[in-house]
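Summary of structural features
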Amino acid sequence: MFLTQKSHFPSFSPFRRVSKPNNFYLISRSFDENLLHRLKTLCSTTNPSSINLSWLSLAVDFLSSTHSDAQTLISGLKSSFASSDDSLASYLDYSVKLLDICNSISSQIEKLRQRRLLINFVLHLLKFTADGDIPVPENLRQARESISDWEKGTSFQILDPGALIRDLASGLESAPRVKKSSVEKVIRRTIYAVGLLTVFVAGVAVSALHGLAPISKVRVPAEFLWSDSFNDLQSAIFKDMERRFLVSHGKGSFAELDDVAARVSGVRDAIDGVEVKEEELEHAVKELETVTERFSEGLDRLYNGVNEMFDKVFSTRNDVLENFRVDHEKTLK
């Protein structure tokens, strides 16, 4: 389960001037083989019947690592094509869209983290005394109100959380067929591949966090070594997403959230009974505490993974722009 193993690419340093590679096919092939290895690892962790935060975090790690490989590949080829090449515009357009998507996902995760505070408050209110006494009536009342607030979810919702995904997907309707240099073909092909992966991973994350149906399905052409593995994985994940969409009612849908919702209902039922039974309530609270801890850990890991990818893409984008500026100034002298 190591999605960040060492790349097998030639030893390129970011934006270091290097000699022109002799075989662009081998460079592209190496990128595909490395991607396929990581993708198979991701597939092996997939339970088609359950999308969870752990898998989403692994998927984000996979995407981030693939983006790093793409950046290394493109950086090594930089000296072989003109900075004014269309490839530069293609990368900059892709990267800014990815940054917007990262911000959108982080924002939704933060809302779920805020809702988590309600559950933590409920657990605090329902803590039994050292003598095992049931919480006082006032605590039970406040806990019931907080549970109601949790079940209502957030009232604020962006108009179309899937718009950014569809926008990125719209530029990936077909594989690049450019009559350009071999260098640009490799670069365009690499950006296209990472774009496909971004639409899938980010689309699944947005759908799960918002409780939406699959947003945008992409199809990887057979010319890519990893096409079968990707297309099979996407089919399995989308099948589960479609099932979950039917019952989520737009409130987010992934395993940990479902577990918390079920345990919250158990606590609510224990409180709402004609007579609050100590053993029943204590058991329900302990179960809620267990699943909330798993929910919290998953949210934090996913949040950190998305932010790390944002920082990586932002830094790379700035390096690309700075090198373009330097090259442009040289041409003016």
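Residues numbered from 1 in each chain as written. Predicted model: local features only at pLDDT ≥ 70, side-chain atom pairs only at ≥ 80, totals over all residues. Heavy atoms only, no water.

**Details of the packing of helix α1 (residues 24-44) against helix α2 (residues 53-77)**
Quick note on the threshold: Between N-to-C directions, angles cover 0 to 180 degrees, with each direction set by a line fitted to C-alpha atoms, over the stretch in contact for helices. Going along the chain from the N terminus, every DSSP run of H or I of four or more residues is numbered as a helix, and every run of E of two or more is numbered as a strand. Each angle is binned into one of four classes, with values under 35 degrees roughly parallel, values over 145 roughly antiparallel, values of 65 to 115 roughly perpendicular, and all other values oblique. A contact between two residues is defined here by any heavy atoms of the two lying within 4.5 Å. Polar here means any residue other than Ala, Val, Leu, Ile, Met, Phe, Trp, Tyr, Cys and Pro, which are nonpolar, and Asp, Glu, Lys and Arg, which are charged; Gly is therefore polar.
Taken N-terminus to C-terminus, the directions of α1 and α2 make an angle of 170°; their axes are 10 Å apart at the nearest point. Viewed along their axes, α1 and α2 adopt a mutual orientation that is roughly antiparallel. Each of Phe24, Ile27, Phe31, Asn34, Leu35, Arg38, Leu39 and Leu42 in α1 lies in contact with α2, whose residues at this interface are Trp55, Leu58, Ala59, Phe62, Ser65, Thr66, Asp69, Ala70, Leu73 and Leu77. Of the residues in the contact of α1 with α2, the class split is 13 nonpolar, 3 polar and 2 charged.

**Notes on the environment of alanine 208**
Rules: The buried label goes to any residue with under 20% of its type's maximum accessible area, the exposed label to any with over 50%, and the partly exposed label to all in between, with areas taken from a 1.4 Å probe on protein chains only.
Residue position: alanine 208 is located in helix α6 (residues 182-210). Given a relative accessible area of 4%, alanine 208 falls into the buried group. For alanine 208 and phenylalanine 254, which are 46 residues apart along the polypeptide, the C-alpha to C-alpha distance reads 5.9 Å.

**Here's the deal with the packing of aromatic side chains**
For any two aromatic rings, the description comes down to two numbers: the centre-to-centre distance and the angle of the planes. Stated precisely, the cut-off is as follows: In this scheme Phe, Tyr and Trp rings, the latter by its six-membered ring, pair at centre separations within 6.5 Å, and the angle between planes marks the pair as stacked below 30 degrees, edge-to-face above 60, and tilted otherwise. In this scheme, Lys NZ or Arg CZ marks a charge over a ring once it lies within 6 Å of the ring centre and within 35 degrees of the ring normal.
As enumerated under the stated definition, the model contains 8 aromatic pairs in all. Plain terms: the ring middles of phenylalanine 200 and phenylalanine 238 are 6.3 Å apart, the flat faces sit at 35° to each other, and that makes the pair tilted. Here phenylalanine 238 lies in helix α7 (residues 227-248) and phenylalanine 200 lies in helix α6, a separation of 38 residues in the sequence. Residues phenylalanine 200 and phenylalanine 238 agree in their burial class; the two are buried. Centre to centre, the rings of phenylalanine 310 and phenylalanine 314 are 6.0 Å apart; their planes meet at 10°, and the pair counts as stacked. On the criterion of helical spacing, the pair formed by phenylalanine 310 and phenylalanine 314 is a turn pair, its members being 4 residues apart in helix α9 (residues 278-332). One aromatic cluster in this structure is built from Trp55, Tyr192, Phe200, Phe224, Trp226, Phe230 and Phe238. Its end group placed over the ring of tyrosine 303, arginine 113 keeps NZ or CZ at 4.3 Å from the ring centre.

**Considerations on the side chain of serine 57**
Mapped onto the secondary structure, serine 57 falls in helix α2. Given the relative accessible area of 3%, serine 57 is considered buried. Setting aside residues no more than four positions away along its own chain, serine 57 makes contact with Gly298, Arg301 and Leu302.

**Regarding the confidence of the model for the protein chain**
We apply this condition: The quantity known as pLDDT measures the predictor's confidence residue by residue, on a range of 0 to 100.
With 82% of its residues at a pLDDT of 70 or more, the protein chain shows a mean pLDDT of 82. A low-confidence stretch, residues 1-21 stays under pLDDT 50, and its non-local contacts, those more than four residues away or across chains, total 50 contacts.

**Concerning the pattern of salt bridges**
Convention followed: Salt bridges are identified by distance alone: a Lys or Arg side-chain nitrogen within 4 Å of an Asp or Glu carboxyl oxygen.
Tallied over the full model, the rule gives 17 salt bridges. A salt bridge links arginine 116 to aspartate 300, with the nearest nitrogen and oxygen atoms 3.3 Å apart. Note that arginine 116 is positioned in helix α3 (residues 86-125) and aspartate 300 in helix α9, a separation of 184 residues in sequence. A relative accessible area of 12% places arginine 116 in the buried class. Overall, the relative accessible area of 27% leaves aspartate 300 in the partly exposed class. In this structure, the salt-bridge partner of arginine 263 is glutamate 287, at a minimum N-O distance of 3.5 Å. Of the two residues, arginine 263 sits in helix α8 (residues 255-272) while glutamate 287 sits in helix α9, which places them 24 residues apart along the sequence. Members of the salt-bridge network, linked through shared partners, are Glu110, Arg113, Arg116 and Asp300.

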